[in-house]
Amino acid sequence: MKKLFKKLKINPKNKELYNIAFSHSSYVNENHLKSDYERLEFLGDAVLELVMSDYLYKSRKVSEGQMTKLRASYVCENALYEYSKGLELSNYIKVGHGEEIDGGRYKKVILADIFEALMGAIYLDLGFKTVKRVIDDIVIPYIEDPNVLFFNDYKSVLQEFVQTQQKSLEYNLIDEQGPAHNKVFTTVVKIDDIVYGKGSAGSKKESEQEAAKDALEKLAK
């Protein structure tokens, strides 16, 4: 991990935290270890939201609602996946044999989770000031790049469209498959009780975003 630590400009004190941050549940179960990355992911999610909230509050003179939409765009699964790819975190993920065969180290949901777990590890190991600097270094270039198009809050766009048409909007989870550590959720979105879009992803929130995207593409035709 020396290359990663150098890229992040950090000097870790407790390297075991980083080993845990990169340990998927399939690897932990297979090797009879104590901890996978999920608790660190929970912590990292909160840290990332706070750092992004702080940045948006200080850099954007917009309403609370607009800040909420912007923050959601930069902490969504698609965004976390891109941050992970940029850091080449797939090189450090430890997954079980079956998950390895299934391409687990390259799955969007796992790479997104790993990024949050890594931020949780940095926070615990080196404190808020350091993890804030790391997150700012990684995320702000994406925010300031006008060519970055993958941070889209499709649900908000669809909501605004529906409101102008004075129609109802509803998301329904219709399918859930796979083991607990690697589920795939499928959601449909209805406008006035008519299905307009369908989407699948590794989390319920992202499946809703994919459904909204599908609906918007159909509405644009």
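For the structure, see preceding data.
Counting of residues starts from 1 at the beginning of each chain's written sequence and follows it residue by residue. Where local features are concerned, this predicted model is filtered to residues with pLDDT of at least 70; where side-chain atom pairs are given and counted, the filter is 80 or more; whole-chain, interface and lining totals use all residues. Side-chain metrics in this entry use all non-hydrogen atoms of the structure; hydrogen atoms and water are not considered.

Strand direction decides the pairing type here: strand β2 (residues 184–191) and strand β3 (residues 194–201), joined by seven bridges, are antiparallel. Across the sheet, the residue bridging to Val 189 is Gly 197, located in β3. The loop that links β2 with its antiparallel partner β3 comprises two residues; one of these, Asp 192, has a positive phi angle of about 50°. The criterion for strand pairing is that DSSP finds at least two bridges linking the strands in question. For helices the rule is a DSSP run of H or I covering at least 4 residues; for strands it is a run of E covering at least 2, with both sets numbered from the N terminus onward.

An axis is simply a line fitted to the C-alpha atoms; with a helix, the fit covers only the stretch in contact. Between two such axes, the angle follows the N-to-C directions and lies from 0 to 180 degrees. Axis separation between helix α8 (residues 108–126) and helix α9 (residues 128–144) bottoms out at 7 Å; the angle between their running directions is 145°. Where α8 approaches α9, its residues Phe 115, Met 119, Ile 122, Tyr 123 and Leu 126 are matched on the opposing element by Phe 128, Thr 130, Val 131, Val 134, Ile 135 and Ile 138. Ten residue types, Ala, Val, Leu, Ile, Met, Phe, Trp, Tyr, Cys and Pro, are classed as nonpolar, four, Asp, Glu, Lys and Arg, as charged, and the remainder, Gly among them, as polar. Looking at the contact of α8 with α9, its residues break down into ten nonpolar, one polar and no charged. Contacts were defined at the residue level, with two residues in contact if any of their heavy atoms lie within 4.5 Å.

What follows covers the packing of aromatic side chains. Any two rings among Phe, Tyr and Trp, with Trp reduced to its six-membered ring, count as a pair given centres within 6.5 Å; such a pair is stacked if its planes are under 30 degrees apart, edge-to-face if over 60, and tilted if neither. For the structure on display, the rule yields four aromatic pairs. With a centroid separation of 5.2 Å and an interplanar angle of 70°, the aromatic rings of Phe 5 and Tyr 18 are classed as edge-to-face. On the criterion of sequence distance, the pair formed by Phe 5 in helix α1 (residues 2–8) and Tyr 18 in helix α2 (residues 15–21) is long-range, its members being 13 residues apart. As far as burial versus exposure is concerned, Phe 5 and Tyr 18 are alike and both buried. Aromatic pair Tyr 83 and Phe 115: ring centres 5.2 Å apart, planes at 50°, arrangement tilted. Taken together, the positions of Tyr 83 in helix α6 (residues 77–87) and Phe 115 in helix α8 put the pair 32 residues apart, joining distant regions of the chain. Taking the relative accessible area as the measure of exposure, Phe 115 reaches 0% and is therefore buried. Aromatic ring contacts, followed pair by pair, group Tyr 83, Phe 115 and Tyr 142 into a single cluster. Counting as a charge over the ring demands two things of the Lys NZ or Arg CZ atom: a distance within 6 Å of the ring centre and an angle within 35 degrees of the ring normal. Here Lys 155 stacks its cationic end above the ring of Tyr 171, 4.9 Å away from the centre of that ring. Only protein chains enter the area calculation, which uses a 1.4 Å probe; residues under 20% of their type maximum are buried, those over 50% are exposed, and those in between are partly exposed.

We now examine the nonpolar core. Core analysis: the largest hydrophobic core is formed by 49 residues, its most contacted members being Met 52, Leu 89 and Ile 122. Counting residues per element, this core draws most heavily on α8, at twelve residues. Leave out the neighbours within four places in its chain, and Met 52 touches Arg 71, Tyr 74, Val 75, Ile 135, Val 139 and Ile 143. Working definition of a nonpolar core: buried Ala, Val, Leu, Ile, Met, Phe, Trp, Tyr and Cys residues. They are joined through side-chain atoms within 4.5 Å. Listed in part, the eight residues of the second largest apolar core include Leu 158, Val 162, Val 189 and Ala 212.

Moving on: unusual backbone geometry. Positive phi is not limited to glycine here, since Lys 9 has a value of about 60°. With respect to the secondary-structure elements, Lys 9 resides in the loop between α1 and α2. Although it is not a glycine, Glu 88 adopts a positive phi angle of roughly 55°. With respect to the helices and strands, Glu 88 occurs in the loop between α6 and α7 (97–101). The exposure class assigned to Glu 88 is partly exposed, which follows from its relative accessible area of 36%.

This part covers the sheet that holds β2. Taken in spatial order, the three strands line up as β1-β2-β3 in an open sheet, and their pairing is antiparallel. Strands with a single pairing partner mark the edges of an open sheet, and in this sheet they are β1 (169–177) and β3. On average, each strand axis in the sheet is inclined to that of its neighbour by 20°, with strand direction left out of account. Bridge count between β1 and β2: eight bridges; the pairing is antiparallel. Bridge pairing in β2 places Glu 170 opposite Lys 190. Sheet strands touched by helix α10 (residues 154–165): β1 and β2. Its angle to β1, the strand with the most contacts, is close to 145°.

Attention shifts here to the environment of Ile 138. Inspection of the secondary structure assignment puts Ile 138 in helix α9. Ile 138 sits 64 residues away from Gly 202 along the chain, and the two C-alpha atoms are 23 Å apart. Excluding anything up to four places from it in sequence, Ile 138 contacts Leu 8, Tyr 83, Leu 87, Phe 115 and Met 119.

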